[in-house]
Each structure stands twice: as C-alpha cells, then as structure tokens.
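Spelled out, the chains give:
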Amino acid sequence: MTFKDKLALVTGAGSGLGRAIAEALAARGAVVGAIDVDEAAARDTAQLIVERGERASAYRADMSKSSEVDAAVSAAVREHGALEIMVNNAGVLDGYFSVDEMDESLWRRVIDIDLTGVFLGSKRALAEMLPRGRGRIVNMASVAGLNGTGGGAAYIAAKHGVVGLTRQMAVAYASRGITVNCVCPGAIPTGLRQHSQQILGPGVPDMSGRGVAVNDEQVRSLIPAGKRGTVEDVASAVCYLASDEAGYVTGHSLVVDGGWRAR
Ligand code: NAD
C-alpha cells in the first residue's frame with residue numbers, strides 16, 4: 001500500500017488512534033493533515049512525522065462546528081493540493097450513562113461530536129472529492145456501533161449512526177469514484193476516557209473504571225484473543241480501506257476487536 005504524495009486528513013489526530021493513523025499514512029508516503037480540537041496535540045503529531053523526514057501539517061478544528069471544519073480543510077487543500085483521503089476519527093466517550101441518567105445537553109454534545117462531526121467532515125471532504133471523481137472516506141465507528149455495549153446511550157447511538165451514515169454514503173457515491181467505509185475497533189488503550197472527560201467537562205463521571213473491558217480479567221473473559229488491541233492494529237485497517245487496493249470495498253464496517261464481536 002502506498003499513498004505517495006496524496007493528501008490525507010485525519011481528525012482527532014492529536015492522540016491515540018488518530019495519531020497512529022496519521023503516522024501510518026505518512027510512513028506510506030501520504031502528506032498528512034493532522035486535525036484536532038487540541039491544537040498543541042495536533043502539532044505534536046505533525047512534528048513527530050516531520051522529524052522522521054515525512055510530511056505533515058497541523059490544523060485546529062472542533063469537528064462539531066462546520067465553520068472550523070471548513071477552515072481546516074480549506075487550509076490543508078490550499079497548502080498541499082487535492083484531498084484524496086479523509087479519516088473522520090475524532091470522538092469522545094459519554095460517561096457510560098444510560099438514558100435515564102443522561103441529561104439532554106450531554107446527549108446533544110456527544111451526538112454533535114461523534115455523529116455530526118463525521119457528517120460535517122464527510123460533507124466538506126465530498127466538496128473536494130466529487131468534482132474530481134475520486135476519494136476515500138474512512139470513518140471511526142466502534143464495536144459500540146454494532147453492539148449495545150461499549151459505551152453509554154449517546155455513544156452507542158452515535159456509533160450506530162456512523163455505521164448507517166457510512167452505508168448511505170457508500171451507496172450514494174459508489175458510482176462517482178468515492179468509497180466510504182468504517183472501522184469498528186474493540187478495546188484499545190488510548191487517552192479516550194481522560195480526554196472525553198476534559199472535553200465534556202464536569203457533567204460526566206470519572207470514566208477511568210467504567211466500561212466493559214477495564215481490567216485484564218474482564219478483557220480475558222470478553223475478548224477471545226485475550227488481550228487489548230494496539231493503535232497500530234487499527235491504523236493498518238484504516239490504511240487498507242484508504243488504499244487503491246480497496247477500490248471495490250465500500251459500505252463496509254471492518255471490525256478490529258480480537259474476536260469480541262464474533263462471539
Ligand atoms: P483519544 O482521546 O486518544 O483521541 C481522540 C482525539 O480526538 C483527541 O486528540 C481529542 O482531542 C480529539 N477530539 C475530540 N473531540 C474532538 C472534536 N470535537 N474535534 C476535533 N478533535 C476532537 O481517543 P481514541 O481512542 O484514539 O479515539 C479515537 C476514535 O476511536 C474515537 O472516535 C473513538 O470513539 C474511537 N474508538 C476508540 C476505541 C478505543 O478503545 N480506544 C474503540 C472504538 C472506537
């Protein structure tokens with residue numbers, strides 16, 4: 001798989017899966033635009049890549065705000081040329097609240113970031129890709145986009161929404177040279193719980209011990225592989241879906257979960 005000189009934008013690229021995806025695409029020749037609401041984190045990712053002699057720039061955007069999404073994508077295209085790959089990865093957890101515990105404002109904020117953010121990122125990317133008749137969109141869903149566990153009500157609803165949005169876009173754009181797929185990771189150690197708490201503020205509980213795969217014993221009983229995955233496991237799946245080799249793959253939800261969902 002090579003992405004030589006292709007512009008690939010990765011949202012939520014300041015940490016975790018997004019950073020690993022940015023690094024993996026850059027290592028295979030892409031020019032990466034690292035987008036994050038945390039500008040310093042996006043810069044760190046770009047710098048890591050540039051220090052290796054590969055190419056990247058950083059952009060700040062809150063993916064739930066269309067004006068900020070537009071500004072970041074426009075700047076990247078101005079600097080680096082045509083947009084070939086859009087990875088809508090930015091997301092937050094929701095405190096694992098069920099409906100009766102979740103207030104409306106938290107519900108709306110999580111849906112805004114996790115689902116509307118994918119819509120806005122895709123819409124802005126499509127404005128670049130449709131006139132050229134080519135492009136790859138890869139969205140970050142989750143096992144929580146397929147199962148009723150792995151998050152609270154808003155997170156699970158948003159991730160199911162990402163799976164559905166991916167399918168709709170795949171059908172709509174298959175004849176116009178654009179593939180749209182999503183990845184559904186299982187349990188991968190990242191800063192997701194901590195960052196989500198910072199981003200959502202005091203309305204969410206300490207998430208460090210919440211969820212279904214928080215200790216080794218739970219992981220062993222839940223996941224047939226008996227261990228958590230790595231950010232690289234997910235990044236290589238994204239690279240495949242973003243590659244020329246995946247030209248006939250569209251509307252797919254690629255599960256990367258050590259067998260969790262196959263159970
Ligand atoms: P992370 O917290 O390490 O990285 C997420 C990044 O997204 C952070 O840098 C954060 O600043 C950024 N971000 C959050 N809201 C944003 C916004 N509105 N606009 C722009 N950037 C924003 O977490 P991660 O685990 O790497 O999560 C990445 C994606 O993977 C998320 O969509 C998450 O739901 C999904 N996911 C993670 C796991 C897991 O086990 N880690 C499993 C399934 C799915």
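Since this is a predicted model, take the numbers as computed values, not measurements.

Undergrad: How should the overall build of the protein be read in this particular structure?
TA: When its secondary structure is counted, the protein shows 8 helices and 7 strands. A compact globule built from 263 residues would reach a C-alpha radius of gyration of about 18 Å, and the protein, at 17 Å, matches this within 12%. In terms of overall dimensions, the protein has a C-alpha envelope of 45 × 40 × 35 Å along the principal axes. The burial tally for the protein puts 52% of its 263 residues in the buried class. Look at the contacts in the protein between residues 6 or more apart in sequence, and 71% of them connect residues 24 or more apart. When the accessible area of the protein is evaluated, it comes to approximately 11300 Å², of which 50% is carbon and sulfur surface. For the protein, the centre of its 27 positive side-chain charges and the centre of its 29 negative side-chain charges are spaced 5 Å apart.

Undergrad: Would you mind going over empty space enclosed by the protein with me for this structure?
TA: Rolled over the atoms, a probe with the dimensions of a water molecule shows which regions are left empty. Scanning the model with the defined rule gives 1 cavity of 30 Å³ or more in all. Taken as a whole, the largest cavity encloses approximately 30 Å³ of empty space. Lining the largest cavity, in full, are T11, M63, N88, N89, A90, I113, G117 and V118. Among the elements that make up the lining of the largest cavity, the one with the highest residue count is helix α4 (residues 104–132) (3 residues). Of the residues assigned to the lining of the largest cavity, the class counts are 4 nonpolar, 4 polar and no charged.

Undergrad: What is the right way to read helix α1 (residues 16–27) from this model?
TA: An α-helical segment advances 3.6 residues per turn. Residues three or four places apart therefore align on the same side. Helix length check: α1, at 12 residues, gives a terminal C-alpha distance of 17 Å against a target of 16 Å (1.5 Å per residue), a fit within 8%. Among the 12 residues in α1, 9 count as buried, and that is most of the element. Buried within α1 are the following residues: L17, G18, A20, I21, A22, E23, A24, L25 and A26.

Cut-off values and rules
Residues numbered from 1 in each chain as written. Predicted model: local features only at pLDDT ≥ 70, side-chain atom pairs only at ≥ 80, totals over all residues. Heavy atoms only, no water. Helix = DSSP H or I, 4+ residues; strand = E, 2+ residues; numbered from the N terminus. Rg over C-alpha atoms; globule rule 2.2 N^0.38 Å. Buried < 20%, exposed > 50% of the residue type's maximum accessible area, 1.4 Å probe, protein only. Contact = heavy atoms within 4.5 Å. Areas by Shrake-Rupley, 256 points an atom, 1.4 Å probe, with all protein chains shown as cover. Lys, Arg positive; Asp, Glu negative; His and termini not counted. Charge placed at Lys NZ, Arg CZ, Asp CG, Glu CD. 1 Å grid on protein atoms, 1.4 Å probe; cavity = no way out; pocket = protein on both sides within 12 Å on 5 of 7 lines; lining within 4 Å. Points joined across faces, edges and corners; volume = space filled by probe spheres on them. Nonpolar A, V, L, I, M, F, W, Y, C, P; charged D, E, K, R; others polar. Expected span 1.5 Å × (residues − 1).

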